Amino acid sequence: MAAVAVVLSGVMALGACASTSTTPEAAEASSSEDTQALGAQTSGRAVVVIQGGGSPHPYTTPWAQCEGERPTFLQSLADSGLPVFTAPGYTNTDPSTSGETGCPPQPPLEVQWNTSGYPTQTGQALLGFLGYLNETYGYETFDLVGYSYGGIVARAAVAALKTTEPASSAPGFSYAQAAVEAGVTIPSVVTMNSPHLGSPSYDVADDPAAFYAPVAAAWGQQFADDSLGLVPFSRDGDAGAIQVLRTSAHAEPDPDSWDARQVGALDGVALTLMAGDLCGLTCGDTPAGGGGEDLLRTDGTVPVYSQLMLSCGQACPTPPGSVDLPPGLVPEGNVVRQTFPTVHSTYTAEQLGLPSELSVSADPAAIDFLVGSVQAQWQQAGVPLMSASAQP
């Protein structure tokens with residue numbers, strides 16, 4: 001709105017007095033200054049939400065959203081006074097705004113992530129998105145909230161920030177390089193029900209003929225049946241993500257694995273791992289909230305040990321049978337782990353015939369914890385929340 005006001009005032013003045021005008025260049029400069037000032041209102045700090053894999057997700061801002069309701073956890077973050085942006089994601093067949101109406105203009109494809117892509121590439125795209133927000137609004141510090149596969153992508157962005165060469169030492173230009181040169185930082189990451197160490201459900205999705213029976217025997221018929229719903233994610237999307245979501249990607253030590261390459265990436269980052277544990281052999285069969293001691297506890301899609309980045313131990317059900325957790329992958333001195341009696345998603349709840357409120361994205365206790373975790377980081381750093389009147 002500020003840029004429009006400047007241009008209109010120039011037009012009106014031009015009609016009244018030929019000696020007064022506002023050039024397009026001046027209007028653009030004024031607009032840039034206005035948007036850059038938005039970042040300064042919260043000391044250059046913002047929250048970026050990375051949603052789940054396999055589906056398109058539109059870019060939204062604290063001031064512009066698509067029509068219709070947002071996920072409950074996302075709306076709650078925005079209502080708490082945090083400047084929340086959603087990272088735009090596309091699939092192999094659909095743009096970020098597929099199925100949405102009234103969305104704000106989407107940023108360049110370079111800074112959108114392929115929601116079925118391999119973490120290395122998706123993390124680089126997310127880092128570029130942070131560079132885009134820095135260039136556009138002046139934000140320099142970002143707290144990342146990743147739901148499901150988005151939690152893995154958030155970790156990948158932290159790694160990309162530490163390994164991307166600045167433009168001055170590498171040919172060409174990218175928003176990811178701009179983020180590095182601008183001194184962008186990521187002090188905290190919160191993940192919600194993320195399959196950090198894979199899941200037997202994705203084994204079924206990748207090869208149901210080979211894995212349905214053993215997964216049903218080890219994890220329960222309900223879990224195996226629900227896993228069949230992920231088959232299109234693997235097949236129709238030709239998902240590179242499946243390479244890190246299968247349990248075999250984490251079962252044995254491998255110096256070339258994605259896990260091994262992430263050792264040390266999260267050092268210095270406050271990591272909060274949220275997990276759902278409503279399900280055992282069937283959902284709700286035993287009291288939940290046990291913190292992952294029962295290896296069969298899941299959120300209907302992902303085992304608790306994977307969500308909390310814990311070793312599965314010698315008694316680990318097969319698959320995976322074993323889980324290799326490389327030393328240094330998890331910064332143990334700076335980690336908070338919390339479980340909730342929730343399932344993985346509203347889709348999982350629907351498939352299991354459960355209320356949608358049992359999804360981690362809609363559960364009041366989980367959402368309160370999420371909002372409180374992010375706000376605590378801001379309070380500790382002395383960062384003010386966003387003014388209700390803030391507009392670009």
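Residues numbered from 1 in each chain as written. Predicted model: local features only at pLDDT ≥ 70, side-chain atom pairs only at ≥ 80, totals over all residues. Heavy atoms only, no water.

(A) Focus on the overall build of the chain. When its secondary structure is counted, the chain shows 16 helices and eight strands. Within the span of the chain, comprising 392 residues, buried residues form 52% of the whole. (Helix = DSSP H or I, 4+ residues; strand = E, 2+ residues; numbered from the N terminus. Buried < 20%, exposed > 50% of the residue type's maximum accessible area, 1.4 Å probe, protein only.)

(B) Highlighting the state of the cysteines. If you walk through the whole model with that rule in mind, you get three disulfides. A sulfur-sulfur separation of 2.0 Å characterises the disulfide bridge that pairs C279 with C283. Taking the torsion about the sulfur-sulfur bond, which here is approximately 85°, the covalent link between C279 and C283 counts as right-handed. For C283, a relative accessible area of 19% translates into the label buried. (Disulfide = S-S within 2.5 Å.)

(C) Layout of the layout of surface pockets. Its boundaries defined by the atoms lining it, the largest pocket holds a volume of some 1,200 Å³. Elements represented by at least two residues in the lining of the largest pocket include exactly α3 (72-79), α7 (200-206), α9 (221-227), α10 (231-235) and α15 (346-351). Grouping the constituent residues of the lining of the largest pocket by class yields 14 nonpolar, 28 polar and seven charged. (1 Å grid on protein atoms, 1.4 Å probe; cavity = no way out; pocket = protein on both sides within 12 Å on 5 of 7 lines; lining within 4 Å. Points joined across faces, edges and corners; volume = space filled by probe spheres on them. Nonpolar A, V, L, I, M, F, W, Y, C, P; charged D, E, K, R; others polar.)

(D) Local environment of the sheet that holds strand β7 (residues 270-276). Spatially, six strands are ordered β2-β1-β5-β6-β7-β8 in an open sheet, and the strand pairing comes out parallel. Looking at the sheet topology across the chains shown, the edges are occupied by β2 (84-86) and β8 (335-340). If you compare each strand with its neighbour and ignore which way they point, the axes differ by 20° on average. The pairing of strand β1 (residues 45-50) with β2 spans three bridges and is parallel. Each bridged residue has a counterpart across the sheet, and for V48 the counterpart in β2 is F85. (Pairing = 2+ DSSP bridges. Axes fitted to C-alpha atoms, helices over the stretch in contact; angles between N-to-C directions.)

(E) Structural detail: the packing of aromatic side chains. This model, assessed by the stated rule, comprises 13 aromatic pairs. Ring geometry for W63 versus F85: centroids 5.7 Å apart, planes at 75°, classification edge-to-face. Taken together, the positions of W63 in the loop between β1 and α3 and F85 in strand β2 put the pair 22 residues apart, joining distant regions of the chain. Aromatic rings pair up to connect Y59, F129, Y132 and Y175 into one cluster. (Phe/Tyr/Trp six-rings, centres within 6.5 Å; stacked < 30°, edge-to-face > 60°.)

(F) View of the nonpolar core. The biggest cluster of nonpolar side chains holds 58 residues, and the ones touching the most others in it are V48, F85, F129 and L144. For this core, the element with the most residues is helix α5 (residues 149-163), which contributes nine residues. Membership of the second largest hydrophobic core comes to 21 residues, among which are V49, L82, V145 and L370. (Core = buried A, V, L, I, M, F, W, Y, C linked by side-chain atoms within 4.5 Å.)

(G) Molecular detail of unusual backbone geometry. Across the junction of T318 and P319, the peptide omega takes the value -5°, indicating a cis bond. Turning to its location among the elements, P319 is positioned in the loop between α14 (304-307) and β8. With an omega dihedral of 5°, the bond running from P319 to P320 counts as a cis peptide bond. Relative to the elements of secondary structure, P320 occurs in the loop between α14 and β8. Its identity as a non-glycine residue notwithstanding, N193 has a phi of 55°, on the positive side. Owing to a relative accessible area of 0%, N193 belongs among the buried residues under this scheme.

(H) Broad picture of the environment of V153. By the element assignment, V153 lies in helix α5. Residue V153 is classed as buried on the basis of its relative accessible area of 0%. Separated by 101 residues in sequence, V153 and G52 have C-alpha atoms that sit 9.4 Å apart. Ignoring sequence-local partners within four residues, the contact set of V153 consists of I50, W113, T122, G123 and L126. (Contact = heavy atoms within 4.5 Å.)

(I) Quick peek at the pattern of salt bridges. Summed over all chains, the structure comprises three salt bridges. Residue R246 is joined to D206 by a salt bridge in which the shortest nitrogen-to-oxygen separation is 3.2 Å. With R246 in the loop between α11 (242-245) and α12 (248-251) and D206 in helix α7, this residue pair connects regions lying 40 residues apart in the sequence. By relative accessible area, which is 28% here, D206 ends up partly exposed. (Salt bridge = Lys/Arg side-chain N within 4 Å of Asp/Glu carboxyl O.)

(J) Structural context of the packing of α3 against helix α16 (residues 364-381). At a closest axis distance of 10 Å, the pairing of α3 and α16 adopts a crossing angle of 40°. If you check the angle between α3 and α16, you find them oblique. You can see that α3 and α16 cross each other, and the crossing is right-handed. Within the contact between the two elements, α3 uses T72, F73, S76 and L77 and α16 uses I367, L370, V371 and V374. (Parallel < 35°, antiparallel > 145°, perpendicular 65-115°, else oblique. Left-handed = near helix turned anticlockwise from the far one by under 90°.)

(K) Summary view of the confidence of the model for the chain. In the predicted model, the chain carries a mean pLDDT of 86, and 85% of its residues have values of at least 70. Taken together, the stretch residues 1-31 has pLDDT below 50 and engages in 14 contacts with residues farther than four places along the chain or on a different chain. (pLDDT = per-residue confidence, 0-100.)

(L) Region of the structure containing empty space enclosed by the protein. All chains considered together, the criterion is met by one cavity of 30 Å³ or more. Looking at the largest cavity, its volume works out to about 40 Å³. Lining the largest cavity are Q222, F223, D226, C279, G280, L281, C283, T298, G300 and L352. Along the lines of polarity and charge, the residues of the lining of the largest cavity split into five nonpolar, four polar and one charged.

(M) How the structure looks around the pairing of strand β6 (residues 185-192). The element β6 is largely enclosed, with a buried count of six among its eight residues. Looking at chain direction, strand β5 (residues 141-147) and β6 are connected through six bridges and run parallel. Looking at β6, one finds that D143 is bridged to S188. For β6 and β7, the ladder comprises five bridges, and the chain directions are parallel. The partner of M192 across the bridge, within β7, is M274.

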